[in-house]
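# Breakdown of the fold
The chain contents come next:
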Amino acid sequence: MNEQWEQWRPREGLAKRYNIRSITENSEGLVLLLSEEEIDNRGLSISFGYTAGSYRSIDETLCHMLILNLKEAYGAAFYTQWTFFIVKNSNYNKWLNEYSAEIGDYIGYTHFSLLTSELVVDVLATQPPTFSDVDLP
């Protein structure tokens, strides 16, 4: 595995695990709505705004090789006890760069990854997102 995964701690007070409630791309850009795994009505809105150049959402069951690679490289607790990651030397970033005829490298994206029990969401963005606590029904 040439990628280097780092647990990303964007702010204090975050729960260890979250679930994806929704992924929305609208006039405010890309927004992810998450709920805490332990307390379902405590939510988190993550707004990438217009800094996201690409994103993908993959069912966790289709990410078996990723999970095996992370377990081998970092141990199971690395990805089972945390949701937010930054990926250095990202294969996804390399793909976008090739697909965009190297415009992706010029723009300079960072690969943010959210690992949940149901989905893996990858976002290539030029800036870190903003986080807001929200109450969920």
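Right, let's walk through the structure included here. Just so it is clear, the model here is predicted, and its values are computed rather than measured. Residue positions are counted from 1 within each chain, in the order its sequence is given. Two thresholds apply to this predicted model, a pLDDT of at least 70 for residue-level local features and 80 or more for giving and counting side-chain atom pairs, whereas whole-chain, interface and lining totals are computed over all residues. Remark: hydrogens and water are excluded; side-chain values derive from all non-hydrogen atoms of the structure.

One requirement defines pairing of two strands: DSSP has to find at least two bridges between them. In this description a helix means any DSSP run of H or I spanning at least four residues, a strand means any run of E spanning at least two, and both kinds are numbered starting from the N terminus. Bridge analysis of strand S2 (residues 18-26) against strand S3 (residues 29-36) gives 8 bridges, and the strand direction is antiparallel. Bridged to Asn-26 within S3 is Gly-29. Linkage of S2 to S3, two consecutive antiparallel strands, is achieved through a turn of 2 residues.

Here the focus is the pattern of salt bridges. Here, a salt bridge means any Lys or Arg side-chain nitrogen found within 4 Å of an Asp or Glu carboxyl oxygen. Using the criterion set out here, one finds 4 salt bridges in the structure. Close ionic contact of Glu-36 with Arg-42 constitutes a salt bridge, the shortest N to O distance being 3.4 Å. Under the relative-accessibility criterion, Arg-42 is labelled partly exposed at 42%. A salt bridge links Arg-56 to Asp-122; the shortest N-O distance between them is 2.9 Å. Placement of Arg-56 in strand S5 (residues 52-59) and of Asp-122 in strand S8 (residues 119-125) is noted, with a sequence separation of 66 residues between them. Accessibility here uses a 1.4 Å probe with only protein chains present; expressed as a share of the type maximum, an area under 20% marks a residue as buried, one over 50% as exposed, and anything in between as partly exposed. Residue Asp-122 is classed as buried on the basis of its relative accessible area of 3%.

Keep in mind that most residues, glycine aside, have a negative phi and that most peptide bonds are trans. Although it is not a glycine, Ala-101 adopts a positive phi angle of roughly 55 degrees. Note on placement: Ala-101 falls in the loop between helix H3 (91-99) and helix H4 (103-107). You can call Ala-101 exposed: its relative accessible area is 63%. Although it is not a glycine, Glu-102 sits at a positive phi angle of roughly 75 degrees. Within the secondary structure, Glu-102 is located in the loop between H3 and H4. Classification of Glu-102 by relative accessible area gives exposed; the value is 59%.

Moving on to the packing of aromatic side chains. Aromatic pairs are defined between Phe, Tyr and Trp rings, using the six-membered ring for Trp, whenever the two ring centres lie within 6.5 Å; interplanar angles under 30 degrees are classed as stacked, those over 60 as edge-to-face, and all others as tilted. According to the stated counting rule, one finds 12 aromatic pairs in the structure shown. Relative to Trp-95, the ring of Tyr-92 lies with its centre 6.0 Å away and its plane at 15 degrees, an arrangement referred to as stacked. With Tyr-92 and Trp-95 both in helix H3, this residue pair falls 3 residues apart, about one helical turn. Site record: aromatic cluster; members linked through ring pairs are Trp-8, Tyr-18, Phe-48, Trp-82, Phe-84, Phe-112 and Phe-131. In this analysis the charged atom, NZ for Lys or CZ for Arg, is taken to sit over a ring once it is within 6 Å of the ring centre and within 35 degrees of the ring normal. Looking at Arg-9, its charged tip hangs above the ring of Trp-82, at a distance of 4.1 Å from the centre. Over the ring of Tyr-92 we find Arg-56, and its NZ or CZ is 4.0 Å from the ring centre.

Here the focus is the nonpolar core. If you look at the biggest cluster of nonpolar residues, it comprises 31 residues, and the most contacted ones within it are Leu-34, Ile-46 and Phe-84. Listed by contribution, the elements that provide at least two residues to this core are S2, S3, strand S4 (42-49), helix H1 (64-74), helix H2 (76-80), strand S6 (84-88), strand S7 (110-115) and S8. Note on contacts: a residue pair qualifies if any of its non-hydrogen atoms lie within 4.5 Å across the two residues. In this structure Leu-34 touches Tyr-18, Asn-19, Ile-20, Arg-21, Arg-42, Gly-43, Leu-44, Ile-46, Phe-84, Leu-114 and Leu-136, once residues within four positions along its chain are discounted. Definition of nonpolar core: a set of buried residues of the types Ala, Val, Leu, Ile, Met, Phe, Trp, Tyr and Cys, connected through side-chain atoms within 4.5 Å.

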